[in-house]
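Report on the structure
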Amino acid sequence: MIYKLTLIRDLPETEAGFTFYLRGGMASHDGEEWFSWITREPAYARIYQLFVEERSDWVLIEESNIPDTRYELQDNFPNNRLVSFKEALDEQGFLYDDSFHGINNIRCCGEQLKMLGATKADCIYCSNCGKAVQDAVNYLVWGLKDVEPPRRPYFTEYSYDPYQKFITGRVKDENLK
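Residues numbered from 1 in each chain as written. Predicted model: local features only at pLDDT ≥ 70, side-chain atom pairs only at ≥ 80, totals over all residues. Heavy atoms only, no water.

Let us look at the sheet that holds strand S8 (residues 102–108). The strand order across the open sheet formed by three strands is S7-S8-S9, and the pairing between neighbours is antiparallel. Two strands close off the open sheet at either side, each with one partner strand: strand S7 (95–99) and strand S9 (111–112). Two strands pair when backbone bridges link them, and S7 and S8 are joined in this way by four bridges, in the antiparallel orientation. Directly across from Asp-97, in S8, lies its bridge partner Asn-104. Across the sheet, helix H2 (residues 85–92) touches S7 and S8, and the angle it forms with S8 is around 20 degrees. (Pairing = 2+ DSSP bridges. Helix = DSSP H or I, 4+ residues; strand = E, 2+ residues; numbered from the N terminus. Contact = heavy atoms within 4.5 Å. Axes fitted to C-alpha atoms, helices over the stretch in contact; angles between N-to-C directions.)

Laid out in structure tokens, this is it:
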């Protein structure tokens, strides 16, 4: 489903009346040209959070008549559940420091986790026990041996919650000590 979100009250980031279409991690002002709202101005993330919380006193949520032809990302993982980053860490039993600045110092088996990926952490894992957390959308490297990567490589083809896109599993053997 593609939603039209309209801000009803002023926020520090933007004024009431700010409107955009929402399609998972993508946004559009005209329903034709889509962009990743996560990397844009903070207003998008703030309005998205109000949308998730169903704060109708802050944002008008309307179903649009724009057809959504994307595939459900979760359908690629019938035996695994997509979860938030924090839920994935907890599911694997990883230890971490959680503060106002975010999650830091992630560790397991007495040491910090390793990372796979070209420019970011596509997959984080413990090189001792093999437990891992994989970003199921924005990945260049697929590090899990027990879960296949999505069948289609472009994240814009999928419908998903941008905060619920992580999957847990076992890291590939070549990354173990």
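And the narrative resumes.
This part is about the pattern of salt bridges. Per the stated rule, a full pass over the model turns up nine salt bridges. Here Lys-165 ties to Asp-135 by a salt bridge, and the two come within 2.9 Å at their closest N and O atoms. Linking Lys-165 in the loop between strand S13 (158–159) and strand S14 (166–170) with Asp-135 in strand S12 (residues 131–135), this pair joins segments that are 30 residues apart in sequence. In this structure Lys-165 comes out as buried when scored by relative accessible area, which is 9%. Overall, Asp-135 belongs to the buried group, its relative accessible area being 5%. Here the salt bridges share partners, and the residues they tie into one network are Arg-9, Arg-55 and Asp-57. (Salt bridge = Lys/Arg side-chain N within 4 Å of Asp/Glu carboxyl O. Buried < 20%, exposed > 50% of the residue type's maximum accessible area, 1.4 Å probe, protein only.)

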